[in-house]
Amino acid sequence: MTDDITLCWHADRTAESFPATGVVIDRLLEIGLGTTPDNGLAVVIAKPNGQEMVVVIAGDRWCLDWLPADYHEQGCVGSFHTVAANQDASDYIVTYYLQGHHSECIASQTIAKEDAIRAICLFLASVQQFPAVG
């Protein structure tokens, strides 16, 4: 088992491995350069402990879905999604592609890129199950 963090966003390519959070963030920003709210994509971040985060990047609209390590064993329940209050209360549909498959989310379920990056950094830094419940 590797200690690297992996990123995957293409069904026909192997995941890329990265040793550090800063490199992961830089790669996510690079991947997101060509995206728009009408043509986004989703990147799956996998931690060595089995936790995953799906990061939808659609221009300045980002959406995060956290999946615990035992997500699939628990019958695909227990995930957390970014549905926090957003300045965009419209019902605008953000479209994106996950592993080549079309999907959508409502703009009000997205958060600002800067907030998403902070959350991703917390996710990657956490040794425990994320999000930590105190």
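These remarks concern the structure in this document.

Calculation rules
Residues numbered from 1 in each chain as written. Predicted model: local features only at pLDDT ≥ 70, side-chain atom pairs only at ≥ 80, totals over all residues. Heavy atoms only, no water. Phe/Tyr/Trp six-rings, centres within 6.5 Å; stacked < 30°, edge-to-face > 60°. Lys NZ or Arg CZ within 6 Å of the ring centre and 35° of its normal. Helix = DSSP H or I, 4+ residues; strand = E, 2+ residues; numbered from the N terminus. Salt bridge = Lys/Arg side-chain N within 4 Å of Asp/Glu carboxyl O. Buried < 20%, exposed > 50% of the residue type's maximum accessible area, 1.4 Å probe, protein only.

A word on the packing of aromatic side chains
To describe a pair of aromatic rings, one takes the distance between the centres and the angle between the planes. Counted under the stated rule, the structure contains 0 aromatic pairs. Over the ring of Phe123 we find Lys47, and its NZ or CZ is 4.7 Å from the ring centre.

Considerations on the environment of Met53
Here Met53 is to be found in strand β4 (residues 52-58). Along the chain, Met53 and Leu67 lie 14 residues apart, while their C-alpha atoms are 5.9 Å from each other.

A word on the pattern of salt bridges
Taken as a whole and judged by the stated rule, the model has 3 salt bridges. Between Arg27 and Glu16 there is a salt bridge whose closest N-O contact spans 2.9 Å. Residue Arg27 is found in helix α1 (residues 21-32), and its partner Glu16 is found in strand β2 (residues 16-18); the two are separated by 11 residues along the sequence. Since its relative accessible area comes to 16%, Arg27 is described here as buried. In this structure, Arg27 engages Glu30 in a salt bridge whose closest nitrogen and oxygen atoms are separated by 2.9 Å. Of this pair, Arg27 and Glu30 both sit in helix α1, 3 residues apart, which is roughly one turn of that helix. With a relative accessible area of 48%, Glu30 lands in the partly exposed category. Here the salt bridges share partners, and the residues they tie into one network are Glu16, Arg27 and Glu30.

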